[in-house]
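# Descriptive structure summary
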Amino acid sequence: MTDVPPGPGYWKASDGNWYPPQQATPPPPAPPPPGASMAGTYNPNVYGQAQVYGAQPMTNGYATAALVLGILSLLLFWTFGVGIVLGILAVVFGVLGRNRAKEMGPNGNAGRATAGAVIGVLGTIGGAIFIVLIVAVIGEIEFDTDPADGFCDTDRLFQDPDC
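We now turn to the structure provided with this report. (Residues numbered from 1 in each chain as written. Predicted model: local features only at pLDDT ≥ 70, side-chain atom pairs only at ≥ 80, totals over all residues. Heavy atoms only, no water.)

## Points about the overall build of the chain
Going by this rule: In DSSP terms, a helix is any run of H or I states spanning at least four residues, a strand is any run of E spanning at least two, and both are numbered starting from the N terminus. Relative accessible area decides the class of each residue, using a 1.4 Å probe on protein chains only: under 20% of the type maximum gives buried, over 50% gives exposed, and in between gives partly exposed. Contacts are residue-level and defined by heavy atoms, with any inter-residue pair within 4.5 Å sufficient. Shrake-Rupley sampling with a 1.4 Å probe provides the accessible areas, and residues are treated as covered by the protein chains on show and by no other component.
Along its length, the chain carries three helices and two strands. In the chain, the order of α-helices and β-strands from amino to carboxyl end is β-β-α-α-α. Across the 163 residues that make up the chain, the buried fraction comes to 20%. For the chain, long-range pairs separated by at least 24 residues make up 43% of all intrachain contacts whose partners lie at least 6 apart in sequence. Of the roughly 11,900 Å² of accessible surface on the chain, 67% is carried by carbon and sulfur atoms.

Given below as structure tokens:
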């Protein structure tokens, strides 16, 4: 055995023999570090389809529900109690959404949950004020309780049919 290679690119193995050059195969790609997003990476093992790896973003359904219910309560405050019920539900879901947002971190939609709760409170207050005003207006209306009895009641000049 010689220490001189028989040609360009030959290499000497640990057994002392010279081997011809081979085309080098690239090493397999390294796996991503833990927690890294591989969204949109292509997997050549699946024929013609791109595979998305990694966890999908979590959503805070309570925050979305609070906002939707709060908006509905504000829009429907005049519906004799429906706005109040929707507003109370918006506040409950807003509190639940804020708690879930604390668990989820910065992507928890805490602002959406707070907005839903605040709008729900406004819808509840608006609905309560509307009902109080309707009851007050109905209480002020005097209904015609004076029948045509032949006597003119001057206190009710325009309502008494006998005047």
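## A short note on the packing of helix H1 (residues 61–75) against helix H2 (residues 82–104)
Threshold: Axis lines are fitted to C-alpha atoms, over the contacting stretch for helices. Their N-to-C directions set the angle, which ranges from 0 to 180 degrees. Our angle categories are set so that under 35 degrees counts as roughly parallel, over 145 as roughly antiparallel, 65 to 115 as roughly perpendicular, and the remainder as oblique. Handedness of each helix crossing follows the sense of rotation of the near helix against the far helix: counterclockwise by less than a right angle gives left-handed, clockwise gives right-handed. When residues are sorted by character, Ala, Val, Leu, Ile, Met, Phe, Trp, Tyr, Cys and Pro go into the nonpolar class, Asp, Glu, Lys and Arg into the charged class, and all the rest, Gly among them, into the polar class.
For the pair H1 and H2, interaxial distance at closest approach is 7 Å and the crossing angle is 155 degrees. What the angle tells us is that H1 and H2 run roughly antiparallel. Regarding H1 and H2, the two cross each other, and that crossing is left-handed. Only Gly83, Leu86, Gly87, Leu89, Ala90, Phe93, Gly94, Leu96, Gly97 and Arg100 of H2 make contact with H1, whose side of the interface consists of Tyr62, Ala63, Ala65, Ala66, Leu69, Gly70, Leu72 and Ser73. Of the residues assigned to the contact of H1 with H2, the class counts are 11 nonpolar, six polar and one charged.

## With respect to the packing of H1 against helix H3 (residues 110–140)
The N-to-C vectors of H1 and H3 enclose an angle of 25 degrees; their axes lie 7 Å apart at closest approach. With respect to H3, the element H1 is oriented roughly parallel. For the crossing formed where H1 meets H3, the hand is left-handed. Between H1, through Ala63, Thr64, Ala66, Leu67, Gly70, Ile71, Ser73 and Leu74, and H3, the contact on the second element is made entirely by Arg112, Ala113, Ala115, Gly116, Ile119, Gly120, Leu122 and Gly123. Considering only residue class, the contact of H1 with H3 consists of nine nonpolar, six polar and one charged.

## Section: H3
Our working rule: The length a helix should cover is 1.5 Å for every residue beyond the first.
In this model, H3 (31 residues) spans 45 Å end to end at C-alpha, consistent with the 45 Å of a helix rising 1.5 Å per residue. Turning to H3, its buried residues are Ala113, Gly116, Ala117, Gly120, Gly123, Thr124, Gly126 and Gly127. Check the buried side of H3 and you find it contacts H1 and H2.

## Digging into a nonpolar patch on the surface
What counts is decided by this rule: Two distance rules govern patches: like charges are joined within 9 Å, and nonpolar side chains (Val, Leu, Ile, Met, Phe, Trp, Tyr) within 5 Å, applied only to residues with over 30% relative accessible area and no salt bridge. One side-chain nitrogen of Lys or Arg within 4 Å of one carboxyl oxygen of Asp or Glu is enough to make a salt bridge.
The grouping of Val68, Ile71, Leu72 and Leu75 at the surface amounts to a nonpolar patch, some 330 Å² of accessible area in total. Positionally, Ile71 belongs in helix H1.

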